[in-house]
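Take a look at the letters that make up each chain.
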Amino acid sequence: GSAGDWRTRTIYQLLTDRFATPDGSSPTCNTGDRKYCGGTWKGITTKLDYIQGMGFDSIWISPVVANVEGKTAYGEAFHGYWTQNIDALNPHFGTADDLVNLSRELHKRNMYLMVDVVVNHVAAPTNPPDFSIYTPFNQASQFHPEVFIQGDDYTNNQTAVEQGWLGDTNLPLADINTEDPNIVSIYNNWISALVKNYTIDGIRIDTVKHVRQDFWPDFAKAAGVYTVGEVLDDKPSYLAPYTKVIDSVLDYSTYFKVFPAFSSTSGNMSAIADFVQQAQGEFSNGEFFVGSFIENHDQPRLQSATKDQSLVMNAMAWPFVQDGIPILYYGQEQGFAGGNDPDNREALWSSGYATDKPLVQHVKKLNAARRAAASALPEFYANAAKFLVATPNTLAVSKPPMLALLSNSGSGSSPQWDVPNAGFKANEELVDVVGCGKVKADGNGGVSVKGNNGMPQILMPSSAAGSVCSGS
Ligand code: ABC
Ligand code: CA
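Residues numbered from 1 in each chain as written. Chains lettered and ligands numbered in written order. Predicted model: local features only at pLDDT ≥ 70, side-chain atom pairs only at ≥ 80, totals over all residues. Heavy atoms only, no water.

Let us look at empty space enclosed by the protein. Throughout the structure, instances matching the rule amount to two cavities of 30 Å³ or more. Around the largest cavity, the lining residues are P63, V64, V65, T83, I86, D116, V117, V118, W190 and L194. Taken together, the elements giving at least two residues each to the lining of the largest cavity come down to strand 4 (83-89), strand 5 (112-117) and helix 8 (181-197). Taken together, the residues of the lining of the largest cavity break down into eight nonpolar, one polar and one charged. Taken as a whole, the second largest cavity encloses approximately 40 Å³ of empty space. (1 Å grid on protein atoms, 1.4 Å probe; cavity = no way out; pocket = protein on both sides within 12 Å on 5 of 7 lines; lining within 4 Å. Points joined across faces, edges and corners; volume = space filled by probe spheres on them. Helix = DSSP H or I, 4+ residues; strand = E, 2+ residues; numbered from the N terminus. Nonpolar A, V, L, I, M, F, W, Y, C, P; charged D, E, K, R; others polar.)

Below, the structure is given as C-alpha cells:
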C-alpha cells in the first residue's frame, strides 16, 4: 500500500514473540527473564479475529530476520532487533510458509501487513564482535569503527549519531557502513525482495536517525510501499527533515507531550496543541501520514504512570482524533501496566484475549468512530485537525465531522468545554460516540458541554455517527 492507502487505516502493533502461540497454549512468560516466550507468525494468524474484532485493519509485527542466538548480556533476541543474517528468517517465529500464510490470511480480510526492518546495525554478543558470523556483511571493513554514541552526541554531533555505535560494551550494536555504495545496493535489493516475497504492505524502519538522510529515498523507493520511520527525538524540527526522505515518521514529538499530559491530572494538555501545530507546519505532509501512538515496546506503558481509567481513556482517544495513522500497542486494551523495557513486553495470552473489558470496548468504539466519520465525510482524512480549545486540562480538537473533547481532570471530575464556533449546523443534533449521550449544537453551531466522570467525548452529527452507538 502507498501512504495514501494507509491513511484510512488503523494499526495494531504487536511483538511476534509475545502475542500468540501456534497451539493456543499459555506458557509462563516472565518479562524480566528477556527470553523467547513462544509467540509465532502462525499464532498471529490464529488470532486475527481478535484484532479485527476491535476494528483494526492492519498489524505491525516484529522484525522477521534471523537474530543472534542464545543468551546475551541483555537476554535473548525475542524482540527481533538483533540481526545476524538478513537473508534468513528468524526460526523462532516460524517458517517462510508461515509468514506467507499470515500475509495471505490478512489480505483475505482486507487487512495490511507492516513489517519492522533494521538496516543500521547487527548485534554482537561478544566485544569486540566476530564479524564472520554475519550475513551478508561479514568483514570488519563493512562497519564503522567501534565508537559508541555518547550522551551529548545526540544533541550536538549528528555524524556521531549516524556513524557511531548504539548499544554498549556488554552488547554492541555494530554499526554498518551505510556510506558504502555496495552496501547500499545490497540493502535496496534486500528490501525490494523482502516486500515482494511476503507481500508486505508497509514497513516500519528502525533507527532512522542513525543513518544519513540521503540513504533513505532510494531505500524507500526500493521498498515501494508506505515507509514510517523511528526517529526517537522530542523536537518537531528534528523530525521534520526525515518526513522529506521517507513517507513519514512515528510521531515521537507529539508522544513526548501526550504521555505526560495524560499521566496525571496536573499534566499540560495545551503543550500537545503547540507541538502538533508546529509539526503540521514543518512536516512535509503535515501530520497526515505520521504514526500516532501512546505506547510502544521502548516506552513505559501509560498504566505504569496512572491507573485512572478516565485519563487512560482520554489518552487512548488521542491517536484516533488527529491527522495521523493511529497505532495501538498490543496489551494496552487489556490494561497491561509494565514500565520500561523489558517490563512493557508482556505476553498477551495471559489476558485470555478477553473482549468484554472496558478498554477493549473503548478501542472498538474509537475505530468505529473514525470509520463513521470518514464514511459521512470523505474529506475527514484530509482535513487538518484544529484546536478550538487548548488549556492545561482540556482540549477541543475539530476534525470534521468529529469534535473531540478531551480532558485530564480525572475520574470524578466534570470537565467543561465551551466551544463557541464548533462548525456544526445551527441546533444540530449531535451524539457523543464514546458515552452515546446526545448533545445539541446552539444557534451558531457551537457547543457547551459538561463532561461526566472525567470521560472524553467525541461528538458527531447524529446523521454521521451511523451505527456506532446502536451496536453493543
Ligand atoms: C537492551 C535491553 C534494555 C537495556 C538496553 C541497554 O539494552 O533490553 O533493557 O536498557 C533493541 C531491543 C532493546 C535493547 C536494544 C539494545 O535493542 O528492543 O530491548 O535494549 O540492545 C529502536 C527500537 C528498539 C531496538 C533498537 C535497536 C532500536 O525501537 O526496540 O532496541 O535495534 C535509541 C535509538 C532508537 C532505539 C532506542 C532503543 O535507542 O535512537 O532508535 N529504538 C535518547 C536518544 C535516542 C535513544 C534514547 C534511548 O535516548 O536521543 O536516540 O534511542 O536510548 C527525549 C529526547 C530523546 C531521548 C529520550 C529518552 O528523551 O528527545 O532524544 O532519546 O526527551
Ligand atoms: Ca549508523
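And the narrative resumes.
What follows is about the site of ligand 1. As a matter of local geometry, ligand 1 sits amid 23 residues, with K209, H210, E230, D298 and D341 nearest to it. Within the contact set of ligand 1, an oxygen atom lies 2.9 Å away from a side-chain nitrogen or oxygen of H121. Note that an oxygen atom of ligand 1 is positioned 2.9 Å from one of the backbone N or O atoms of D234. In isolation ligand 1 offers 1,100 Å² of accessible surface; the protein chains occlude 71% of this area. Here ligand 1 occupies the largest pocket. Across the shell around ligand 1, the residue classes break down as eight nonpolar, five polar and ten charged. (Near = heavy atom within 4 Å. Polar contact = N/O pair within 3.5 Å; in protein donor to acceptor, adjacent residues only side chain to side chain. Areas by Shrake-Rupley, 256 points an atom, 1.4 Å probe, with all protein chains shown as cover. Sits in = over half its atoms within 2 Å of the grid points.)

Our next topic: the state of the cysteines. Here a disulfide denotes a covalent bond joining the sulfur atom of one cysteine to the sulfur atom of another. By the definition in use, this model includes two disulfides. Covalent S-S linkage joins C29 and C37, the inter-sulfur distance amounting to 2.1 Å. The sign of the S-S torsion, about 85°, decides the handedness of the disulfide formed by C29 and C37: right-handed. By relative accessible area, C29 is classed as buried at 16%. (Disulfide = S-S within 2.5 Å. Buried < 20%, exposed > 50% of the residue type's maximum accessible area, 1.4 Å probe, protein only.)

So, about the sheet that holds strand 8 (residues 171-175). Spatially, three strands are ordered 6-8-7 in an open sheet, and the strand pairing comes out antiparallel. The strands lining the two open edges of the sheet, one partner per strand, are strand 6 (121-123) and strand 7 (166-168). On average, each strand axis in the sheet is tilted by 30° relative to the strand beside it, whichever way the strands run. (Pairing = 2+ DSSP bridges. Axes fitted to C-alpha atoms, helices over the stretch in contact; angles between N-to-C directions.)

Before going further, it helps to spend a moment on the layout of surface pockets. In this structure, the largest pocket occupies an estimated 760 Å³ of space. As for the largest pocket, its lining consists of 28 residues, and the residues nearest its centre are L166, L173, D298, D341 and R345. Elements supplying a minimum of two residues to the lining of the largest pocket: strand 7 and strand 8. Examining the composition of the lining of the largest pocket, we find that three residues originate from one element, strand 7, more than from any other. Of the residues assigned to the lining of the largest pocket, the class counts are twelve nonpolar, eight polar and eight charged. Here the second largest pocket is characterised by a volume of approximately 210 Å³. Among the elements that make up the lining of the second largest pocket, the one with the highest residue count is helix 14 (residues 358-376) (four residues). Residues that form the lining of the second largest pocket fall into these classes: five nonpolar, six polar and two charged.

Further remarks concern the packing of aromatic side chains. Tallied over the entire structure, the rule returns 28 aromatic pairs. With centroids separated by 5.0 Å and ring planes inclined at 80°, the aromatic side chains of Y252 and F293 adopt a geometry described as edge-to-face. Of the two residues, Y252 sits in helix 11 (residues 252-263) while F293 sits in the loop between strand 13 (291-292) and helix 13 (309-317), which places them 41 residues apart along the sequence. What makes Y252 buried here is its relative accessible area of 1%. By relative accessible area, F293 is classed as buried at 4%. (Phe/Tyr/Trp six-rings, centres within 6.5 Å; stacked < 30°, edge-to-face > 60°.)

N120 (OD1), E162 (O), D175 (OD), D175 (OD) and H210 (O) make up the full set of protein donors to the calcium ion (ligand 2), lying at 2.3 to 2.6 Å. Counting along the primary sequence, the residues that act as donors to the calcium ion (ligand 2) give the motif N-x41-E-x12-D-x34-H. Here H210 lies in the loop between strand 9 (202-205) and helix 9 (216-223) and E162 lies in helix 7 (residues 158-163), a separation of 48 residues in the sequence. Each member of the pair E162 and H210 is classed as buried. (Donors = N, O, S within 2.8 Å, 3.2 Å for Na, K, Ca; no water.)

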